[in-house]
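# Topology and contacts: notes
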Amino acid sequence: MKKRMYRRYDLTTPQLISMGFASLILLGALLLMLPISSRTGEVTPFIDALFTTTSATCVTGLTTVNTAEHWSLFGQAVIITLIEIGGLGFMSIPVVFYFISRKKINLSTRMILRDSLNMPTMSGEVGLMRYILKTAFVIQALGMTALAIDFVPRYGWAKGLWFSFFHAISSFCNAGFDLFGDSLVPFQEDPWVLFIIMFLIIAGGLGFLVWYDLVGLRKKRRMTLHSKIALTITGGLLLFGTLGFFITEGTDTALINSDHFLSRFANTLFMAVTPRTAGYYSVDYFQMSHAGLILTMILMFIGGTSGSTAGGLKTTTFGVLLLKVKSIFKGRSHVEFSGRTIREAAVNRAMTLFFITLTLCIFATMVLSVTETIPNVDQLGLEYIAFEVISAFGTVGLTMGITPDLTIVGKLIIISLMFIGRVGIMTVVFSLVRRPEKEGNFKYPDESVMIG
């Protein structure tokens, strides 16, 4: 039987995924440009609307305009809708349509769904997507209820419920958009709000496959290697980050304006949680030490877990790299963890991702250091630009305050970084190149190269 010949205009799955996110971003930009989207009733410039919708769809949180002051209720509704779709993946739209209409999902949709969920085999992707939608709804509903306990007495029923709804979705999707104007700085001495936001951030950043495994423990189902690595690295980074910030910032009374131990602990823990691509902040990063800024950038670069609402290099990728280093030091040729051997292809992919993402961040920092003429940046240091670049790529949303002052070139670079960080650098690369050629049946002779 002859194989089907692909035509030139056939799109690959990476191209469909990239175009899906791009189309959603452009649609959102057009909606935010409408006069009804701004509080003043004026048309928002296209570059600012595009920047905002890219940040929302890519669940980042960087903005060139103040979300609370600039956007009307309609504009805020557009933003939170884009955050939900971007966090769960644009493929959640057709899946919801199929569920409502009770139609059977076709093969092509299943294939795109499998690749968007990073599943190795095409089996159970529809059930997993159904589980993702249910889990996201339940966790966000619980988060909204918990936040409403604090927000409703503080702001009233209408505003309190809207704030609870908006921030529950934004936190779970690791977006970082807020309606307070100064993120969570006003809640420095409110551990209840901080702990609820942290729970939502961690829940969204763990990944739905991990939650599926955790729930499956009741049924005595074996936890996958992916979940074991994700939980181990996530727990290790939270402990490392909390201890690190406690040492570098924990005694700084100017940074954490509270004498209560619980509030200081909540803010210190929050500093370790929010760089995991969340974007919320409860402290002023202008007053943070250089050691604290470096630690924040490391956490932002690693990011959350694969298959989650988070961005960055990913915890599982970082974990595989650590295991590879460990195996080299022990003189082993294979990477092993928890009684399992990790496939060499996964190890090679992890090393490739690390090299490409690090190169991308360095190159973007170099370009922005030339194009941007932001007041006082030269005096404040290059770390302000590097912080912005890593935050954009990791879809974090934390900033040192230079976002509104970016030039057109700077905004386009940050937009590109946010898009690549959410869609995935490999997906973007494969969407720009031709289909990979099959490996030939021949191999060139081996030769050694001096390393180190």
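These remarks concern the structure in this document. Along each chain, the written sequence defines residue order, and numbers are assigned to residues from 1. Reporting of local features is limited, given that this is a predicted model, to residues whose pLDDT is at least 70; pairs of side-chain atoms are given and counted only at 80 or more, and all residues count toward the totals for whole chains, interfaces and linings. Heavy atoms from the whole structure form the basis of all side-chain values; hydrogens and water molecules are not counted.

All right, on to the overall build of the protein then. Counting from the N terminus, the helices are the DSSP runs of H or I reaching at least four residues and the strands are the DSSP runs of E reaching at least two. On a plain count of helices and strands, the protein comes out with 19 helices and 2 strands. Out of the 452 residues in the protein, the part that is buried amounts to 53%. Contact definition: two residues touch when any of their heavy atoms are within 4.5 Å. The long-range share in the protein, meaning contacts at least 24 apart out of those at least 6 apart in sequence, stands at 71%. Each accessible area value is a Shrake-Rupley result obtained with a 1.4 Å probe; residue values ignore everything except the protein chains displayed when judging cover. Roughly 22900 Å² of accessible area belongs to the protein as shown, and the carbon and sulfur atoms make up 65% of that amount. When accessible area is computed with a 1.4 Å probe and restricted to protein chains, residues below 20% of their type maximum are described as buried, those above 50% as exposed, and intermediate ones as partly exposed.

With that out of the way, let us pick up helix 2 (residues 46–57). Its 12 residues give helix 2 an end-to-end C-alpha distance of 16 Å, which sits within 8% of 16 Å, the value for a rise of 1.5 Å per residue. Burial within helix 2 is extensive, with 11 of its 12 residues counted as buried. For helix 2, every residue scored as buried is listed here: I47, D48, A49, L50, F51, T52, T53, T54, S55, A56 and T57. Looking at the residues trailing helix 2, positive phi occurs at V59, about 40°. Expected span, for any helix, means 1.5 Å times one less than how many residues it has.

Moving on to the packing of helix 14 (residues 315–329) against helix 15 (residues 344–371). Structural elements are reduced to axes, namely lines fitted to C-alpha atoms, with helices fitted over the stretch in contact, and the angle between N-to-C directions of any two is expressed from 0 to 180 degrees. Taken N-terminus to C-terminus, the directions of helix 14 and helix 15 make an angle of 110°; their axes are 9 Å apart at the nearest point. Comparing the axis directions of helix 14 and helix 15 gives the class roughly perpendicular. Residues T317, V320, L321 and K324 of helix 14 touch helix 15, and the partners they reach there are E344, A346, V347, A350, M351, L353 and F354. Any residue outside Ala, Val, Leu, Ile, Met, Phe, Trp, Tyr, Cys, Pro, Asp, Glu, Lys and Arg is labelled polar, Gly included; the first ten of those are nonpolar and the last four are charged. Looking at the contact of helix 14 with helix 15, its residues break down into 8 nonpolar, 1 polar and 2 charged. Relative orientations are named as follows: roughly parallel for angles under 35 degrees, roughly antiparallel for angles over 145 degrees, roughly perpendicular for angles from 65 to 115 degrees, and oblique for any other angle.

Okay, unusual backbone geometry next. With a phi angle near 95°, K314 is a residue other than glycine that sits in the positive phi range. Relative to the elements of secondary structure, K314 occurs in the loop between helix 13 (290–302) and helix 14. Here T395, not a glycine, exhibits a phi torsion of approximately 50°, which is positive. Along the chain, T395 falls in the loop between helix 17 (383–393) and helix 18 (408–423). Under the relative-accessibility criterion, T395 is labelled buried at 0%.

Salt bridge criterion: a side-chain nitrogen from Lys or Arg within 4 Å of a carboxyl oxygen from Asp or Glu. Tallying each qualifying case throughout the model produces 4 salt bridges. A salt bridge links D150 to R154; the shortest N-O distance between them is 3.0 Å. With D150 and R154 both in helix 7 (residues 125–155), this residue pair falls 4 residues apart, about one helical turn. Take D150: its relative accessible area is 14%, and that puts it in the buried class. R154 sits in the partly exposed class, given a relative accessible area of 43%. Of the charged contacts in the structure, one is a salt bridge between R154 and D190, with a shortest N-O distance of 2.8 Å. A residue pair is termed long-range when its members are at least 10 positions apart, and R154 in helix 7 and D190 in the loop between helix 8 (157–172) and helix 9 (191–206) qualify at 36 residues. The class of D190 is buried, set by a relative accessible area of 12%.

Attention now goes to a nonpolar patch on the surface. The grouping of F195, F261, L262 and F265 at the surface amounts to a nonpolar patch, some 410 Å² of accessible area in total. Among the elements that make up the nonpolar patch, the one with the highest residue count is helix 12 (residues 261–273) (3 residues). The topology assignment puts F265 in helix 12. Residue F265 is classed as partly exposed on the basis of its relative accessible area of 35%. Two distance rules govern patches: like charges are joined within 9 Å, and nonpolar side chains (Val, Leu, Ile, Met, Phe, Trp, Tyr) within 5 Å, applied only to residues with over 30% relative accessible area and no salt bridge.

Another point: the environment of V210. Among the structural elements, V210 can be located in helix 10 (residues 208–216). When the C-alpha atoms of V210 and L225 are compared, they prove to be 10.0 Å apart, with 15 residues separating the residues in sequence. Residues within four places of V210 in sequence aside, it is in contact with H226, S227, A230, L231 and T305.

Definition used in this section: a nonpolar core is a set of buried Ala, Val, Leu, Ile, Met, Phe, Trp, Tyr and Cys residues joined via side-chain atoms within 4.5 Å. Ranked by size, the top nonpolar core spans 113 residues in total, and within it I83 and I414 carry the most contacts. Beyond its immediate sequence surroundings of up to four residues, I83 is in contact with A56, V59, I169, S170, C173, A175 and F177.

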